[in-house]
Amino acid sequence: MKSVPEHAVKAWIRGFGVAVPRGATASSPEGVGTAAHGLTSPLVVKAYGPGLVHKSDAGAVRLGLESPPAACDAAAEMLTALTARGVTPDGFLVEEQAAPGVEVIVGAVRDPAFGPVLLVGLGGVWTEVLRDTALRLCPVTEADAHSMLDELRGAALLNGSRGRPGIDQDALVRVMLAVGSPGGIVDRLGDGFTEFELNPVICGPHGAVAVDARLLGA
Ligand code: ADP
Ligand code: MG
């Protein structure tokens, strides 16, 4: 099973109207520092390559970097720590840090009998703990996408609660449709994928940004 690098998946899904952070790749920590000059802090640095599927678990994500030199240092520290554990990254992604919001997973899996299924759920890194997801067979309509969100046990989080504003549900629905509607990402992948996952899509009161993107080929 072939995993496509995060930055390549992000570049591709932009063409479907999915917002992703501005970013650049580099092959060395110094390159990260140089590439970071074109970006607005705070920044995020991630290492990519074989063996780096769950990046946070591997120590391959650093958030809240306030300057290009800080991004360069973070990449250098990451490289030292990864190398000590026998992991050699192919390179680094440095990107702008999205404003905090509600973290949502939007994904697609292939059911052996029924074909592609769209998934939406609450949680970001907590998805597996919360287990609050809704599923529909693809292709989905706009009405399907809205009803999936209504189905979530944590729907109140999306609507706003305890003084926090609700999220831009239309923006989240647009991401879901980019993935699961006719002519969308899942359609275009055809038989060529096992798993596609945007986790998280960070949803704020204005807009929704896919800050992680994973594609496992067939
Ligand atoms: P992985 O899922 O492989 O561990 P992610 O790329 O999802 O790695 O990063 C881990 C977490 O870091 C995300 O769930 C999110 O909370 C945060 N994060 C990653 N990239 C960004 C970004 N560009 N802006 C804001 N938060 C980010
Ligand atoms: Mg992730």
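Values in this document were obtained by computation on a predicted structure and should not be read as measured data.

Reading guide: rules and limits
Residues numbered from 1 in each chain as written. Chains lettered and ligands numbered in written order. Predicted model: local features only at pLDDT ≥ 70, side-chain atom pairs only at ≥ 80, totals over all residues. Heavy atoms only, no water. Helix = DSSP H or I, 4+ residues; strand = E, 2+ residues; numbered from the N terminus. Rg over C-alpha atoms; globule rule 2.2 N^0.38 Å. Contact = heavy atoms within 4.5 Å. Areas by Shrake-Rupley, 256 points an atom, 1.4 Å probe, with all protein chains shown as cover. Lys, Arg positive; Asp, Glu negative; His and termini not counted. Charge placed at Lys NZ, Arg CZ, Asp CG, Glu CD. Phe/Tyr/Trp six-rings, centres within 6.5 Å; stacked < 30°, edge-to-face > 60°. Near = heavy atom within 4 Å. Polar contact = N/O pair within 3.5 Å; in protein donor to acceptor, adjacent residues only side chain to side chain. 1 Å grid on protein atoms, 1.4 Å probe; cavity = no way out; pocket = protein on both sides within 12 Å on 5 of 7 lines; lining within 4 Å. Sits in = over half its atoms within 2 Å of the grid points. Pairing = 2+ DSSP bridges. Axes fitted to C-alpha atoms, helices over the stretch in contact; angles between N-to-C directions. Domains from an automatic or database assignment. Points joined across faces, edges and corners; volume = space filled by probe spheres on them. Nonpolar A, V, L, I, M, F, W, Y, C, P; charged D, E, K, R; others polar. Expected span 1.5 Å × (residues − 1). Buried < 20%, exposed > 50% of the residue type's maximum accessible area, 1.4 Å probe, protein only. Arc of directions from axis to C-beta.

**Side note on the overall build of the chain**
At step 1: In terms of helices and strands, the chain carries eight helices and 11 strands.
At step 2: Since a compact globule built from 218 residues should have a radius of gyration of about 17 Å, the 17 Å found for the chain is in line with a globular shape.
At step 3: The principal-axis extent of the C-alpha atoms belonging to the chain is close to 50 × 45 × 30 Å.
At step 4: Contacts in the chain between residues far apart in sequence, at least 24 positions, make up 62% of those at least 6 positions apart.
At step 5: Carbon and sulfur atoms form 55% of the exposed surface of the chain, whose accessible area is close to 10,700 Å².
At step 6: The distance from the centre of the 17 positive side-chain charges to the centre of the 24 negative ones in the chain is 1 Å.

**Looking at the packing of aromatic side chains**
At step 1: In the structure shown here, the tally under the stated rule is one aromatic pair.
At step 2: Ring geometry for W12 versus F16: centroids 4.9 Å apart, planes at 70°, classification edge-to-face.

**Here's the deal with the site of ligand 1**
At step 1: Close contacts around ligand 1 come from 20 residues, with K46, S56, E95, A98 and E103 the closest.
At step 2: At 2.7 Å, a side-chain N or O of E103 approaches an oxygen atom of ligand 1.
At step 3: Here D212 contributes a side-chain N or O atom positioned 2.9 Å from an oxygen atom of ligand 1.
At step 4: In this structure the site holding ligand 1 corresponds to the largest pocket.
At step 5: Among the secondary structure elements, those contributing two or more residues to the shell around ligand 1 are β3 (43-48), β4 (61-65), β5 (91-96) and β9 (193-203).

**Notes on the sheet that holds β4**
At step 1: Read across the sheet, four strands follow the order β2-β5-β3-β4 without closing on themselves; strand pairing throughout is antiparallel. Each edge of the open sheet is held by one strand with a lone partner, namely β2 (23-26) and β4. Geometrically, the sheet is characterised by an average inter-axis angle of 20° between neighbouring strands, direction not taken into account.
At step 2: Both β2 and β5 contribute to a ladder of four bridges, which runs antiparallel.

**Description of the domain arrangement of the chain**
At step 1: Each assigned domain of the chain is listed with its residue range as follows: domain 1 (22-96) and domain 2 (102-217).
At step 2: On a C-alpha basis, the centres of domain 1 and domain 2 stand 27 Å from each other.

**Concerning the layout of surface pockets**
At step 1: The volume enclosed by the largest pocket comes to roughly 1,100 Å³.
At step 2: In terms of lining, the largest pocket is formed by 44 residues, of which the most central are E103, G124, V125, N199 and P200.
At step 3: Elements with a minimum of two residues in the lining of the largest pocket: β3, β4, β5, β6 (102-111), β7 (115-122), α4 (127-130) and β9.
At step 4: Class assignment for the residues of the lining of the largest pocket results in 21 nonpolar, 10 polar and 13 charged.
At step 5: Two domains each donate at least three residues to the lining of the largest pocket, and these are domain 1 (22-96) and domain 2 (102-217).

**Some points on helix α3 (residues 68-84)**
At step 1: The end-to-end C-alpha distance of α3 is 24 Å, a good match for the 24 Å that 17 residues give at a rise of 1.5 Å each.
At step 2: For α3, the set of buried residues is P68, A71, C72, A74, A75, M78 and L82. Buried positions in α3, seen along its axis, are confined to an arc of 160° and lie on one side of it. Exposed residues lying more than 90 degrees from the buried face of α3 are P69, T80 and A84.
At step 3: On its buried side, α3 packs onto α2 (29-36), β3, β4 and β5.
At step 4: Trailing α3 by a residue or two, G86 shows a phi angle of about 85°, which is positive.

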